[in-house]
Each structure stands twice: as C-alpha cells, then as structure tokens.
Amino acid sequence: MESPGLVLNAFGGVLLTIAIVRIITFTSELWQHRSLMRRLEKLGKPMPAHSSFLGHLLEAKTASDELPPGAHSTYILNRIAKRIDGKHGPPAYYFDSYPVSAPMLVVRDPFIANQVTSHSWTTAQKPTGLKEWFAPISGKGGINLFTQNDQEWKQDHNLFLPFFNNSNLDAAMPVILEQMLIFRDILRKKIEIGGLIRLEPLALSLMKDIIGRVVFNAELGNQTAGSHPLSEAMLRQLDLKFGANDVMDNIGQLNPFRMFSISNNSRILNQHIRAQVAKRTDAFREAKARHEQSAFYSVLDQALETYYSQPGHKLSDPLDTDFMDILCAQLRMFFFAGYDSTSSTMVSCCYMIWTHPEVLSKLRAEHDDVFGRNIAACPDMIIENPSILNSLPYTLAVIKESLRLFPPANGIRTGCKDLILKDRDGNEYPTEGCDVQTSHLSIHRNPEYWPQPLDFLPERFLVGPDHELYPSKGAWRTFEHGIRNCTGQAFVLKEVKAFLALVCREFDFQECYDEVYSGEKIDLTNVDNEKAYLIEHGAAHPRGEFPCRVSLSGYIPR
C-alpha cells in the first residue's frame, strides 16, 4: 500500500503540471493578442491608448469610473469610443481586454454592421469564447444554440425550429394569456394593498411561468404557489453566474468555491429538467398511442416529435444519452433566453409608455379600435383569434422604440482573414484574430442615424422612407440580422403585444426613481441622463427593477 506522502506528492505533481500548462497557455495568448493590437495601432487603426502588458484594461477602468454604479458594460464601450475623439466616437474601434475577453472590433455604425451580417462566413460564426460565458447557464461546456457553429448548430436549430412557426405560436397564446391573467390579478391585489412596488420581479415570475408552459409544457406556478424547484435551481445558477462583484471572481472563474457551487447546482438543475423530460416523454407516448394531435407543441414536445420521427428511433426506446445531454443544455438556454430578455422588454415598455402620456393615449386609442370598448373582453379576443395581434401597428412601434433605447444585448460574431470592413469614408478594419461586436446601444442612440436619438418616438417605425424619422438601413438591430438572427423574435413580439393589450387600458404606473434614490448623489451624464439606465444581470435590465406605484387607470374607452 502506497504511503500518504507518495499520494500527496503525486497529486501535487499533477496540480503543478496543470498550473504550468495554464501559465504557458495564458502567456502565449497574451503575447498573441497584444502583438495583434500593436500591429493594428501602428497601422493607425482607431483604439484607446494601448499597453503592451494591460492592453486596454486601464482605459476600461477609467471609463467605468465615469459611469454610475452598476452601469452595463455596453456603456463602458460607448464611453471608451467617445473618449477616443472627444465627440461621438469612431464608427468602429479595436478593444483589447484579454484575459477578460478576446480582442474585439467594436462596431458602432450600421453601414459596417451590415457588412458583418452579410458576409457568408462571419454572419454564421459565433466566437468560441462565448461558450465559457454560457457554460454556467446551459451546462455542457456552454454548448447551445447561441454558441454552436456549422453543422452542429444546423442540426440543433432544425430540431427546435418547428416550434417557432406562426401557427404553433398562435396555438401557444391561450396558455400565455392564462399566465398573463394571473399577473393582472396580482397587480389588482397590489393596488388594494397600496404602496410602492418593483415591477420587474413580478414580470420575471410571469415569464418563468410562461416559459414553463412553452418550453416544458409544465405548470411551474411561480406566480401563485411560490418558486418552483426547477425555477429556483435556474435562478441560483444565474445568481452564481452574475452575482460576483470583484474582478478576480470573474476573471477565469478563479474562485474554487464558486466553481464547485456552479457545478453542484448545475447537476441539481439537470435533475429537475430530466424529470420534466421524463414526464413529457411519457405523455408524448400516451398521446401517440391514442392518436391524439395537439394544437400546440412546447419546445420539449417539438424536440421529442423530431427525435422519434427519425429513422431508427422507436417510440418505446429511451432517449439516447448524448441527445438527453444536449437537450438539457438547450432547454436551460431556452429558459434563460426566454424569460430574462422578455421580462426586461416588458419593464422597459412600461417605463417608457407611462413616462410619455401622449404615447399612452395613442396606444389606448389603438386598443379601443382593435378590441372594442369592453376592456374585459380583450383576453378572450386574443385567445379566440391570436392573429388579431397583427392589427396593432402602433403597439409594435412602441415595443420597437423601447427596444431601440433599451436593447437587452449586443451582437457578436467571429472575424476572419477575408473580412475587411470599410466605413463610409473608405477606412479599412481587418477582423482576423478578433471577435466583432456590434454595439446596439451605440448604434441605436447615434444622432447620425437617428434624428432626436434620445426622444421616445414610436412614429419612427410607422413613417415612410422619405420621412426624416425613417430608420437607416440596418440601424435597428435588437434581434440582429443574417442567418444567426434571433429565432424567437416573432414570439417575443407576440408576447409583449399581448402583455400591453392587457395592462395599458386597465392600469397606470407612476415611476418612483426620484423617491427611491432621493439620497443618492450620482452623475447620470454618461448614461444620457437616464435614471433607469441599463444594468447587467444576464440581459440588460433597467436599474432598480422599475420602482413604481400601480393604480387602476379609470380609463373609459372612446
């Protein structure tokens, strides 16, 4: 039997070897990335002052210090750009923050962004480093539809794509409205209690229940019975991912206790998801045996339908282990993407609508025209005829304008040797060795492409090409463009239109930022003086969870 000393020596040798390999890899990548930036700097390409050792990390720190607490990283990139020329910033610039991320070309002009998403290779390629960011969220090393490329992405994309066809989305509206009516009743109870509320937690609970139905075909009951174990495990995972506050806890996931917590909770989360998969598989087999056809298929139901329709898969066969692993990862991704950014959009819309009375008035008028004078009849009208939501052009314009000012995320692709971008003046931007990030906030608020860029003007999306407010080509990029645009965009827009149809005429929301933050002394200049500036917690969210007072509007339809 080997002595404990020999075992410890062997274990120590393994750890030392791993440490040496990591140090060599880090040093090699650091030299590679810094050398690339030095070459680009010598060519006169736009970028902040570059350090051979720290890259642009000090510039990022300086820009961050000029922002209010918790401001989203997109403001940092926007602030860096403005510091380069002291004005609005260049149309694109290089940014080296390794080891936080790979070197980036930050695109701030739709003319350049359109070149990225029209390039045959780059438009389809997501950076490999994105997997590390997603790993705690989806598990399986961060592999999911956001991060996959080439045939792997095509295969899984085709597996879930039928869920997003328009007839299936319309068939999902009854289960969505069912959860929204619970949300409406909760607002009514909040009014009876009185006092200040924060709208975002209510919207998040709503979306968790909606996602439970449309992803798993399961009743999670977060709004009525408290947090479901599956929801709790997912939220713990997101808190572990986004809850770190110090730099060392974020760079390289260095905290071993945090790494263990993420791994352990990931295992628990997968157990809950596998239980839902087993339940739906049994229900799927029973329905097939009775020759029942459902009008609506959840994401999970659609995956099972596709899987068992493939040659060699018998209905009685258990799910393949590899398929189960990737299915868990994709379902986790759908849960995160479906509830997080959509709830943020709902809250942003409420904030903007009720701080612009003229918009609220036009919105209510449109809902009167489409749904009639009986406000209580609106939910049943949507359930009976989901296509009625297509008759709300002003409501859609309000949503798009809210997303213009409060974009939940940015776009990112992988550069390559044969993609050399050009700005309007003919200046060239090589992309080899860089990720190409399209800054939605910078583009959406740039006065060169958006007249009155900080004003909330839904009419931008209703006027014709000859009008001064008409958006430039590719200037609105919330769901991005090209083959890797957001697959769920039609679903999101349906959800938010239905949400606004239910709440706009019955309720009023009075924002309470000044009340909640009355003792706070912060400078909002570099976030466009926006009190509800975006913060980072998965998708970008308005600060403070939208503190407000809700009341019955007393609105009488015309």
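Residues numbered from 1 in each chain as written. Predicted model: local features only at pLDDT ≥ 70, side-chain atom pairs only at ≥ 80, totals over all residues. Heavy atoms only, no water.

1. Thoughts on unusual backbone geometry
Backbone torsion omega between Tyr98 and Pro99 reads 15°, so that peptide bond is classified as cis. Even without being a glycine, His291 presents a positive backbone phi close to 60°. On the secondary structure map, His291 appears in the loop between α11 (256-289) and α12 (299-308). For His291, a relative accessible area of 73% corresponds to the exposed category. Even without a glycine there, the phi angle at Asp528 is positive, about 60°. You can call Asp528 partly exposed: its relative accessible area is 23%. (Helix = DSSP H or I, 4+ residues; strand = E, 2+ residues; numbered from the N terminus. Buried < 20%, exposed > 50% of the residue type's maximum accessible area, 1.4 Å probe, protein only.)

2. Thoughts on the pattern of salt bridges
Per the counting criterion, the structure on display carries 30 salt bridges. Between Arg424 and Asp109 there is a salt bridge; the shortest N-O distance is 3.1 Å. Taken together, the residues span a long stretch of sequence, with Arg424 in the loop between β5 (420-422) and β6 (428-430) and Asp109 in the loop between β2 (104-107) and α4 (110-118) at a distance of 315 residues. Judged by relative accessible area, which is 2%, Asp109 ranks as buried. The partner of Lys288 in a salt bridge is Glu305, with the nearest N and O atoms 3.1 Å apart. Of this pair, Lys288 sits in helix α11 while Glu305 sits in helix α12, placing them 17 residues apart in sequence. (Salt bridge = Lys/Arg side-chain N within 4 Å of Asp/Glu carboxyl O.)

3. Here's the deal with the packing of helix α13 (residues 321-354) against helix α18 (residues 489-503)
Closest axis-to-axis distance for the α13/α18 pair is 10 Å, and the angle between their directions is 40°. One way to sum up the angle between α13 and α18 is to call them oblique. Crossing angle aside, the handedness with which α13 passes α18 is right-handed. Contact residues: α13 offers Thr342, Thr345, Met346, Cys349, Cys350, Ile353 and Trp354, while α18 offers Val492, Glu495, Val496, Phe499, Leu500 and Val503. In the contact of α13 with α18, the residues fall into 10 nonpolar, 2 polar and 1 charged. (Axes fitted to C-alpha atoms, helices over the stretch in contact; angles between N-to-C directions. Parallel < 35°, antiparallel > 145°, perpendicular 65-115°, else oblique. Left-handed = near helix turned anticlockwise from the far one by under 90°. Contact = heavy atoms within 4.5 Å. Nonpolar A, V, L, I, M, F, W, Y, C, P; charged D, E, K, R; others polar.)

4. Considering α12
Along α12, 9 of the 10 residues are buried, which leaves the element largely enclosed by surrounding structure. Restricting attention to buried positions, one finds in α12 the residues Val299, Leu300, Asp301, Gln302, Ala303, Leu304, Thr306, Tyr307 and Tyr308. Contacts from the buried residues of α12 go to α6 (150-160), α8 (199-216), α11 and α13.

5. Some points on the sheet that holds strand β11 (residues 547-552)
Read from one edge of the open sheet, 3 strands run β3-β11-β8, paired in antiparallel fashion. Every other strand in the sheet has two partners, leaving β3 (197-198) and β8 (507-511) as the edge strands with one partner each. (Pairing = 2+ DSSP bridges.)

6. Some thoughts on the state of the cysteines
Under the defined criterion, the tally for this structure stands at 0 disulfides. Here Cys378 is not disulfide-linked; the sulfur of Cys504 is the nearest cysteine sulfur, at 9.9 Å. (Disulfide = S-S within 2.5 Å.)

7. Some thoughts on the environment of Ile443
Tracing the sequence through the fold places Ile443 in helix α17 (residues 440-444). Not counting residues within four places of it along the chain, the set of residues in contact with Ile443 comprises Val107, Arg108, Asp109, Pro110, Ala113, Thr438, Tyr449, Trp450, Ala475 and Arg477.

8. Focus on the pairing of strand β10 (residues 539-542)
The sheet contact formed by strand β9 (residues 534-537) and β10 spans 4 bridges and is antiparallel. Looking across to β10, one finds that Ile535 is bridged to His541. Between β9 and the antiparallel strand that follows it, β10, lie 1 residue; Gly538 among them carries a positive phi value of about 85°.

9. Side note on the sheet that holds strand β4 (residues 411-414)
If you trace the 4 strands from one edge of the open sheet to the other, you get β1-β2-β7-β4, paired in mixed fashion. Of all strands in the sheet, those with a lone pairing partner are β1 (92-95) and β4, marking the two edges. Direction aside, the axes of adjacent strands within the sheet are offset by 25° on average. The pairing of β4 with strand β7 (residues 435-438) spans 4 bridges and is classified as antiparallel.

10. A short note on a nonpolar patch on the surface
On the surface, Leu16, Ile20 and Ile24 cluster together into a nonpolar patch covering about 290 Å² of accessible area. Looking at where Leu16 falls in the secondary structure, it is placed in helix α1 (residues 4-42). Accessibility expressed as a relative area gives 53% for Leu16, which makes it exposed. (Patch = residues over 30% accessible without salt bridge, like charges linked within 9 Å, V, L, I, M, F, W, Y side chains within 5 Å. Areas by Shrake-Rupley, 256 points an atom, 1.4 Å probe, with all protein chains shown as cover.)

11. Considering the environment of Ile420
Looking at the secondary structure, you find Ile420 in strand β5. In this structure the C-alpha to C-alpha distance between Ile420 and Val116, which are 304 residues apart in sequence, comes to 9.4 Å. When neighbours within four sequence positions are excluded, Ile420 is seen to be in contact with Glu428, Tyr429 and Pro430.

12. Some words on the confidence of the model for the protein
On average, residues of the protein carry a pLDDT of 92, and 95% of them reach 70 or more. Contacts of residues 245-253 to residues separated by more than four positions or lying in other chains number 13 contacts, the stretch itself having pLDDT below 50. (pLDDT = per-residue confidence, 0-100.)

13. A look at the nonpolar core
Nonpolar side chains in soluble globular proteins tend to be buried together. Of all hydrophobic cores here, the largest spans 130 residues; its most connected members are Ile382 and Phe509. Ranked by the residues each element gives to this core, the list is headed by α13, at 18 residues. Discounting residues that sit within four places of it in the chain, Ile382 has contacts with Met173, Leu177, Phe371, Ile388, Leu389, Ala498, Ala501 and Leu502. In this structure, Met37, Ile112, Leu419 and Ile443 belong to the second largest nonpolar core, which totals 18 residues. (Core = buried A, V, L, I, M, F, W, Y, C linked by side-chain atoms within 4.5 Å.)

14. Some words on the side chain of Asp156
You can see Asp156 is positioned in helix α6. Notably, Asp156 is buried but unbridged: the nearest opposite-charge side chain belongs to Lys140, and the N-O separation is 8.7 Å. (Lys, Arg positive; Asp, Glu negative; His and termini not counted.)

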